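Each chain is listed here by its residues.
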Amino acid sequence: MKQIRILFISIEGNTRSFVNHLVSYAEQQHQIHPTQPLITATEISDQTDLQAEHQPYFVFVPTYLDGGNGIDNGVKELMTNSMGEYLDFQENAQYCQGIIGSGNKNFNAQYCLTAKRYARKFQVPFIADYELRGNHDDLERIYADLVAFVAEQATV
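Criteria and cut-off values
Residues numbered from 1 in each chain as written. Predicted model: local features only at pLDDT ≥ 70, side-chain atom pairs only at ≥ 80, totals over all residues. Heavy atoms only, no water. Helix = DSSP H or I, 4+ residues; strand = E, 2+ residues; numbered from the N terminus. Expected span 1.5 Å × (residues − 1). Buried < 20%, exposed > 50% of the residue type's maximum accessible area, 1.4 Å probe, protein only. Arc of directions from axis to C-beta. Contact = heavy atoms within 4.5 Å. Polar contact = N/O pair within 3.5 Å; in protein donor to acceptor, adjacent residues only side chain to side chain. Salt bridge = Lys/Arg side-chain N within 4 Å of Asp/Glu carboxyl O. Axes fitted to C-alpha atoms, helices over the stretch in contact; angles between N-to-C directions. Parallel < 35°, antiparallel > 145°, perpendicular 65-115°, else oblique. Left-handed = near helix turned anticlockwise from the far one by under 90°. Nonpolar A, V, L, I, M, F, W, Y, C, P; charged D, E, K, R; others polar.

1. Re helix α4 (residues 136-155)
1) Next: In this model, α4 (20 residues) spans 29 Å end to end at C-alpha, consistent with the 28 Å of a helix rising 1.5 Å per residue.
2) Next: Looking at α4, one finds that the buried residues are D138, L139, I142, Y143, L146, V147, F149 and V150. When α4 is viewed along its axis, its buried side chains cluster within an angular range of 160° and face the same direction. The exposed set on the far side of α4, more than 90 degrees from its buried face, consists of D137 and T155.
3) Next: On its buried side, α4 packs onto β1 (4-8), α1 (14-32), β2 (39-43), β3 (57-62), β4 (96-103) and β5 (126-131).
4) Next: Measuring from the backbone nitrogen of D137 back to the side-chain oxygen at the start of α4 gives 3.0 Å, which picks out N135 as the cap.

Okay, here's the thing in structure tokens:
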């Protein structure tokens, strides 16, 4: 199986921390079972130059809102706009296989709202979620979800 590519944005370090742990977890799994794929991750930020993607990837995005309740009185997205711009650039969205979201479950309906909005906007599946920096169970679950999704796409 090919490597799994991840593009992510991290504002306060939670997403970066989780993705780094996920990359390490994939390395451990690959050492135990060489057929298990490795993960490569690229952070997208305001300083990232827009470039055309030509390989499939997954997007990890946290939820940050500023104003509104995200449901019936508006959403003002805060700080993840550079990821949206990156996905909008040229044909990049067509290579996105799915979105993984994070957030704070205390925000109820707004939990992972940014990821769900990106999934809807770019017409890709919302694959998984985890809270804040995640935990080991989240690593195992999301890695398994990514591997299964890639394996399923290979048979289509």
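Having seen the model, we can carry on.
2. Considering helix α2 (residues 81-88)
1) Next: Of all the residues in α2, the buried ones are S82, M83, G84, Y86 and L87.
2) Next: One or two residues past the end of α2 sits Q90, with phi positive at roughly 45°.

3. Re the pattern of salt bridges
Side-chain pairs of opposite charge can arise whenever the charged atoms involved come near each other.
1) Next: Applying the stated rule across the entire model yields 4 salt bridges.
2) Next: With a closest N to O distance of 3.2 Å, K121 and D88 form a salt bridge. Here the residue K121 occupies a position in helix α3 (residues 113-122), and D88 occupies one in helix α2, the gap between them amounting to 33 residues.
3) Next: On the basis of relative accessible area, D88 is assigned to the partly exposed category, the value being 45%.

4. Some remarks on unusual backbone geometry
1) Next: Phi at C112 takes a positive value of approximately 60°, unusual for a residue other than glycine.
2) Next: In this structure, C112 sits in the loop between β4 and α3.
3) Next: Classification of C112 by relative accessible area gives buried; the value is 0%.
4) Next: Positive phi, normally seen in glycine, also occurs at L132, with a value near 50°.
5) Next: Structurally, the position occupied by L132 is in the loop between β5 and α4.

5. Looking at the packing of α1 against α4
1) Next: Following both chains from N to C, one finds α1 and α4 inclined at 70°, their axes separated by 10 Å at the closest point. One way to sum up the angle between α1 and α4 is to call them roughly perpendicular. Between α1 and α4 lies a crossing whose hand is right-handed. Along the contact surface, α1 presents F18, H21, L22, Y25, A26 and Q29, while α4 presents H136, D138, L139, E140, I142, Y143 and L146.
2) Next: Taken together, the residues that form the contact of α1 with α4 break down as 8 nonpolar, 3 polar and 2 charged.

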